[in-house]
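Residue-level structural notes
Listed here are the chains, written in short residue letters.
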Amino acid sequence: MKQYKNYLMDMDGVLVRGKTAIAGAQRFIDALNDGGHKYLVLTNNPMYTPRDLAHRLQTTGLQVASDRIFTSAIATARFMQNQRANGKAFVIGESGLTDAIHSVGYVMTESEPDYVVLGETHGYNIAQITKAIRLIADGARFVATNPDPSGPSEDGLVPACGAMAALIKEATGVAPFFVGKPNPYMTRSALNYLGAHSEETIMIGDRMDTDIVGAVSSGLDTALVLTGVTKRNEIERFPYQPTYVLESIGDMQL
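Here's what I pulled together on the structure shown here.

Here is what the cut-offs are and how they apply
- All residue numbers here refer to positions counted from 1 along the written sequence of the relevant chain.
- Only residues with pLDDT of at least 70 get local features here, since the model is predicted, and only at 80 or more are side-chain atom pairs given and counted; chain-wide, interface and lining totals rely on the full set of residues.
- Hydrogens are left out, water is left out, and the side-chain values use all remaining heavy atoms of the structure.
- At least two bridges found by DSSP between two strands is the condition for calling them paired.
- Put simply, DSSP marks the helices as runs of H or I at least four residues long and the strands as runs of E at least two long, and each gets a number from the N terminus on.
- The angle between two axes is taken between their N-to-C directions and runs from 0 to 180 degrees, where each axis is a line fitted to C-alpha atoms and a helix contributes only its stretch in contact.
- Whether two residues are in contact is decided by their heavy atoms: any pair within 4.5 Å suffices.
- Here a cavity is any set of points on a 1 Å grid over the protein atoms alone where a 1.4 Å probe fits but cannot get out, and a pocket is any open set with protein on both sides within 12 Å along at least 5 of 7 lines; a residue lines the site when it has an atom within 4 Å of a point.
- Grid points are joined across faces, edges and corners, and a volume is the space filled by probe spheres set on the points.
- Any residue outside Ala, Val, Leu, Ile, Met, Phe, Trp, Tyr, Cys, Pro, Asp, Glu, Lys and Arg is labelled polar, Gly included; the first ten of those are nonpolar and the last four are charged.
- When accessible area is computed with a 1.4 Å probe and restricted to protein chains, residues below 20% of their type maximum are described as buried, those above 50% as exposed, and intermediate ones as partly exposed.
- Each C-beta atom gives one direction from the helix axis, and the arc is the one those directions make.

Here we take up the sheet that holds strand 15 (residues 244-246). Strand pairing in a sheet relies on backbone hydrogen bonds, with the paired strands running either antiparallel or parallel. If you trace the six strands from one edge of the open sheet to the other, you get 5-4-1-13-14-15, paired in parallel fashion. Looking along the sheet, the strands with just one partner apiece sit at the ends: strand 5 (69-71) and strand 15. Going from strand to strand, the sheet's axes swing by 25° on average, the running direction of each strand aside. Note: strand 14 (residues 221-225) against strand 15, three bridges, orientation parallel. Looking across to strand 15, one finds that Val225 is bridged to Leu246. Sitting on the sheet, helix 3 (residues 72-83) touches strand 4 (38-43) and strand 5, and the angle it makes with strand 5 is about 65°. Together, strand 1 (6-10), strand 4, strand 5 and strand 13 (201-205) form the strand contacts of helix 7 (residues 184-194), whose direction differs from that of strand 4 by roughly 145°.

See the structure below:
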């Protein structure tokens, strides 16, 4: 395996599975720290702040600093700030998204916002969705944190950002700009955050349709681990292929 200076990695399916750390994950994080490598944990989950997610990892036994976690909410806030600095936004989401948007100097308002920003919530409110539809119809730009149509819960599947974005699109005729994976913007934003170059960086993920394609589109080498969504017999059907296929993150070599 080629030696890399920088490492990007997904969280769910790569470092943890549910509430359990994947074998070898902490050893790999320790090796990154000991070797002075730059790295980020990338997640499409915009609901939680990096500090919240660091705590979640700690409960599984993994020690990852909060400044090593990069969410689709952070990428979304950085995108908006780059496009229209210090603007206004109507936001549907939890603290992970609202904190990120506040941190770049945005004001949250229902009055003539520059953007309607759709994220994930514990329960979508039809009144908020209706407000979003009306603001977009009136000219607000439509941004969504991630295209995932559904997510797991203890009671089964629940609608996620992609599904609600589709509802708003049908009502308004306006398609959102999805910031999170597989959009290469998420990968490029993480590289900029690290001050890293794509040729010296590898992405470790468990999904061919988000982690791997987003990284390939950004010019990164990739490692697909088989501890998450994509199975070995599914890899060949994709037109793009990972640089490496590993049983788990514990097989990564530095």
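After that view, the rundown keeps rolling.
Right, let's talk about the layout of surface pockets for a bit. Space inside the second largest pocket adds up to approximately 170 Å³. Taken together, Thr49, Pro50, Thr71, Ile74, Ala77, Arg78, Gly96, Asp99, Ala100, Ser103, Val104 and Tyr193 make up the lining of the second largest pocket. Of all the secondary structure elements, the ones that give two or more residues to the lining of the second largest pocket are helix 3 and helix 4 (95-103). Ranked by residue count, the leading element in the lining of the second largest pocket is helix 4, at four residues. Here the lining of the second largest pocket is built from residues that sort into six nonpolar, four polar and two charged.

Every buried residue of helix 1 (residues 25-35) is accounted for by Ala25, Gln26, Phe28, Ile29 and Leu32. Relative to the axis of helix 1, the buried residues are bounded by an arc of 160° and lie together on one face. Along helix 1, exposed side chains directed more than 90 degrees from the buried face belong to Arg27 and Asp34. Those residues of helix 1 hidden inside the fold are in contact with strand 1, strand 4 and strand 13. Where helix 1 ends, the next residue or the one after it, Gly36, has phi of about 70°, a positive value.

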